Amino acid sequence: MDAPGLFEVAESPRDRGTGGFGSGPATGDEPLAVRMRPRALDELVGQEHLLTPGSPLRQVVEGGQPMSVILWGPPGSGKTTIARLVADADDRRFRAMSALNSGVKDVRAAIEEARRVRRTGGPQTILFIDEVHRFNKTQQDSLLGAVEDRTITLLAATTENPYFSVVAPLVSRCVLLSLRELGDADVAAVVDRAVTDPRGLDGALDLTDEARDHLVRTAGGDARKALTALEAAASTAEAEGDPTVTVGLVEAAIDTAAVRYDRDGDGHYDIASAFIKSLRGSDVDAAMHYLARMIVAGEDPRFIARRMVVFASEDVGMADPAALQTATAAATAVERIGLPECRINLAQAVIHLATAPKSNAVIAAVDEAVADVRAGAIGPVPADLRDGHYRGAAELGHGAGYVYPHNDPLGVVPQRYAPDAVADRDYYRPTRHGEEAEIDDRLAKIRRIVRKGADDR
């Protein structure tokens, strides 16, 4: 639910070729998300790691040493806000374009104009390109020379990982600033400010705690989404003559039911726990139900994906090795696609994990091994396994007597690998579930060969 008109703001005397991008005087009819944009860098929430004195972000916004910057962050984290703060600076020219509707011709025209202005003693030109990842390679390459010789100072914004979506030569010429997804406290601070600030609702309406919590939860770290929903709910309340914005009005504004997660977090963890236990119990229908509840409640899909990646190794493991691939692929889809589409990828992973044969042998193996190490069961590495490639290693006996398994027809040879303290420990104990049954049979043969006569070596 993005706010319309984010780039269409009335021009003012401060607009120096911004194409209407500068802040300009408030007219009162802009969307709430536009009116509440920070007027100074210190009003930016959730990005404290970028606001230290002398930081690249401050230099770009406050007019220090010119440097080209790529702003990378999720929607609603402040990329466009930063661009507007730069546009409001008095000592630079500012040009803005979106990769959605601009091409090489537009880029070259902006660069040529910037070059002409500099030749006549004019100010530095800041070129802001929104959604830069949508430019193809040729379009991005057209920026390289002008960025290199500082004909322009590039300010580019993207929601996608620049190392994948922006050509390497352009990334190497820019400072990469990663904006973090806003946390619940950050979004709540933005909402509270909008309720009381004269630019926002100016205290004309009350927002109930339940409605505020629902706004924050369903925003998913997107401040613009929260403000747009707040504006819609407030408009309904005003039309009804009610000075209170309730959770019902918020639900109607964003068309999302307020699934009850307790404010102290118990509900959040209870649903997550029930989700994992349903997967472990192979109840695919119950697991799908809890997945749906988390999605509708506005749970971060990355949290759901992380839990399933862990589950794939902890509760399925080698009984179905492909489960980890499916869970990891779903996590990647969440990062690259996002909601609402990634719910399909999450659902596919749920079906795979719930219906897969189960084994906890992987986590049992690593936890037992860690426990032994912490208890002091370590011992020296056998001499024949030590590195024998450096000068003097042979004199120490390092590597001597090592048997190269690939030279044996079976590919497995009798040889002591583990330190004496744990030589006979069986950490990995496969179940008879799924593919682990075959692994169990093969592992028994391997251990007999490896440990046969090993005590004599």
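So, how was this worked out
- Residues numbered from 1 in each chain as written.
- Predicted model: local features only at pLDDT ≥ 70, side-chain atom pairs only at ≥ 80, totals over all residues.
- Heavy atoms only, no water.
- Helix = DSSP H or I, 4+ residues; strand = E, 2+ residues; numbered from the N terminus.
- Buried < 20%, exposed > 50% of the residue type's maximum accessible area, 1.4 Å probe, protein only.
- Contact = heavy atoms within 4.5 Å.
- Areas by Shrake-Rupley, 256 points an atom, 1.4 Å probe, with all protein chains shown as cover.
- Salt bridge = Lys/Arg side-chain N within 4 Å of Asp/Glu carboxyl O.
- Pairing = 2+ DSSP bridges.
- Axes fitted to C-alpha atoms, helices over the stretch in contact; angles between N-to-C directions.
- Expected span 1.5 Å × (residues − 1).
- Arc of directions from axis to C-beta.
- pLDDT = per-residue confidence, 0-100.
- Patch = residues over 30% accessible without salt bridge, like charges linked within 9 Å, V, L, I, M, F, W, Y side chains within 5 Å.
- Phe/Tyr/Trp six-rings, centres within 6.5 Å; stacked < 30°, edge-to-face > 60°.
- Lys NZ or Arg CZ within 6 Å of the ring centre and 35° of its normal.
- Polar contact = N/O pair within 3.5 Å; in protein donor to acceptor, adjacent residues only side chain to side chain.
- Core = buried A, V, L, I, M, F, W, Y, C linked by side-chain atoms within 4.5 Å.

Some details on the overall build of the protein chain
- On a plain count of helices and strands, the protein chain comes out with 19 helices and seven strands.
- Every one of the 457 residues in the protein chain was classed for burial, and the buried ones make up 46%.
- When contacts within the protein chain are restricted to residue pairs at least 6 apart in sequence, long-range pairs at least 24 apart make up 73% of them.
- Counting every atom, the protein chain has about 23100 Å² of accessible surface; 53% of that belongs to carbon and sulfur.

Quick look at the pattern of salt bridges
- Tallying each qualifying case throughout the model produces 25 salt bridges.
- When salt bridges that share partners are traced, they join Arg 39, Glu 43, Asp 197 and Arg 199 into one network.

Remarks on unusual backbone geometry
- Of note, the bond from Leu 339 into Pro 340 is cis; its omega dihedral lies within 30 degrees of zero at 5°.
- With respect to the helices and strands, Pro 340 occurs in the loop between α16 (322–336) and α17 (342–355).
- The backbone of Glu 131 sits at a positive phi, close to 55°, despite the residue not being glycine.
- Topologically, Glu 131 is positioned in the loop between β3 (125–130) and α5 (137–141).

What to know about the pairing of β3
- Within β3, six of the six residues are buried, which leaves it mostly tucked inside the rest of the structure.
- Side-chain alternation along β3 places Thr 125, Leu 127 and Ile 129 on one buried face and Ile 126, Phe 128 and Asp 130 on a second face that is also buried.
- The pairing of strand β2 (residues 93–98) with β3 spans six bridges and is parallel. Within β3, the position partnered with Arg 95 by the bridge is Leu 127.
- Here five bridges tie β3 to strand β4 (residues 152–158), and the two strands are oriented parallel to one another. Bridge pairing in β4 links Leu 127 to Leu 154.

Regarding the sheet that holds β4
- Taken in spatial order, the five strands line up as β2-β3-β4-β1-β5 in an open sheet, and their pairing is parallel. Strands with a single pairing partner mark the edges of an open sheet, and in this sheet they are β2 and β5 (175–178). In this sheet, adjacent strand axes meet at a mean angle of 15° when their direction is disregarded.
- In this structure, strand β1 (residues 69–72) lies alongside β4, joined through four bridges in parallel fashion.

Some details on helix α9 (residues 184–196)
- Helix length check: α9 (13 residues) gives 19 Å between terminal C-alpha atoms against 18 Å at 1.5 Å per residue, within 8%.
- Buried within α9 are the following residues: Val 187, Ala 188, Val 190, Val 191, Ala 194 and Val 195. Projected down its long axis, α9 carries its buried residues within an arc of 160°, all on one side. Pointing more than 90 degrees away from the buried face of α9 are the exposed residues Ala 185 and Thr 196.
- Where α9 is buried, its residues contact α1 (32–35), β6 (206–207), α10 (209–219) and α11 (223–240).

Re the confidence of the model for the protein chain
- Per-residue confidence for the protein chain gives a mean pLDDT of 84; residues scoring 70 or more make up 88%.
- Across the protein chain, the element-wise mean pLDDT spans from 82 in helix α2 (residues 56–62) up to 96 in α17.
- This model gives residues 1–20 a pLDDT under 50, and the stretch forms 52 contacts once residues within four places in sequence are excluded.

Some points on a nonpolar patch on the surface
- Taken together, the side chains of Tyr 402, Tyr 404 and Tyr 417 make up a nonpolar region of the molecular surface, amounting to roughly 310 Å² of accessible area.
- As for its placement among the helices and strands, Tyr 402 is situated in the loop between α18 (361–374) and α19 (436–451).

Details of the packing of aromatic side chains
- Scanning the entire structure with this criterion turns up one aromatic pair.
- The interplanar angle of 20° and the centroid separation of 6.4 Å between the aromatic rings of Phe 94 and Phe 128 together place this pair among those described as stacked. Here Phe 94, found in strand β2, pairs with Phe 128, found in strand β3; they are 34 residues apart in sequence, far enough to count as distant.
- Take Phe 128: its relative accessible area is 0%, and that puts it in the buried class.
- Over the ring of Phe 164 we find Arg 336; its NZ or CZ atom is 5.5 Å from the centre of that ring.

So, α10
- With respect to burial, α10 is a largely interior element, eight of its eleven residues being buried.
- Its buried side turned inward, α10 meets α9, β6, α11, β7 (244–245) and α12 (247–254).
- Directly beyond the C-terminal end of α10, a positive phi value near 60° is found at Gly 220.

Observations concerning the side chain of Asp 315
- Checked against the element boundaries, Asp 315 lands in helix α15 (residues 301–316).
- For Asp 315, a relative accessible area of 8% puts it in the buried group.
- A polar side-chain atom of Asp 315 sits 2.6 Å from a polar atom in the side chain of Arg 280.
- Not counting chain neighbours up to four residues away, the residues in contact with Asp 315 comprise Arg 280, Lys 358 and Ser 359.

A closer look at the nonpolar core
- Val 191, Leu 207, Leu 227, Leu 230 and Val 245 are the most contacted members of the largest nonpolar core, which totals 32 residues.
- Taken together, the elements giving at least two residues each to this core come down to α1, α9, α10, α11 and α12.
- Those residues within four positions of Val 245 in sequence are excluded, and the remaining contacts are Leu 205, Asp 206, Leu 207, Thr 208, Ala 211, Ala 233, Ala 234, Ala 237 and Val 250.

Some points on the environment of Arg 429
- Tracing the backbone shows Arg 429 in the loop between α18 and α19.
- Measuring from C-alpha to C-alpha, the distance between Arg 429 and Asp 440 comes to 7.6 Å, with eleven residues separating the pair along the chain.
- Discounting residues that sit within four places of it in the chain, Arg 429 has contacts with Ala 361 and Glu 368.
- Here the side chain of Arg 429 touches Glu 368 through a polar contact of 2.4 Å, side chain to side chain.
- Within the local environment of Arg 429, its side chain forms a polar contact with the backbone oxygen of Asp 426, the two atoms lying 2.8 Å apart.

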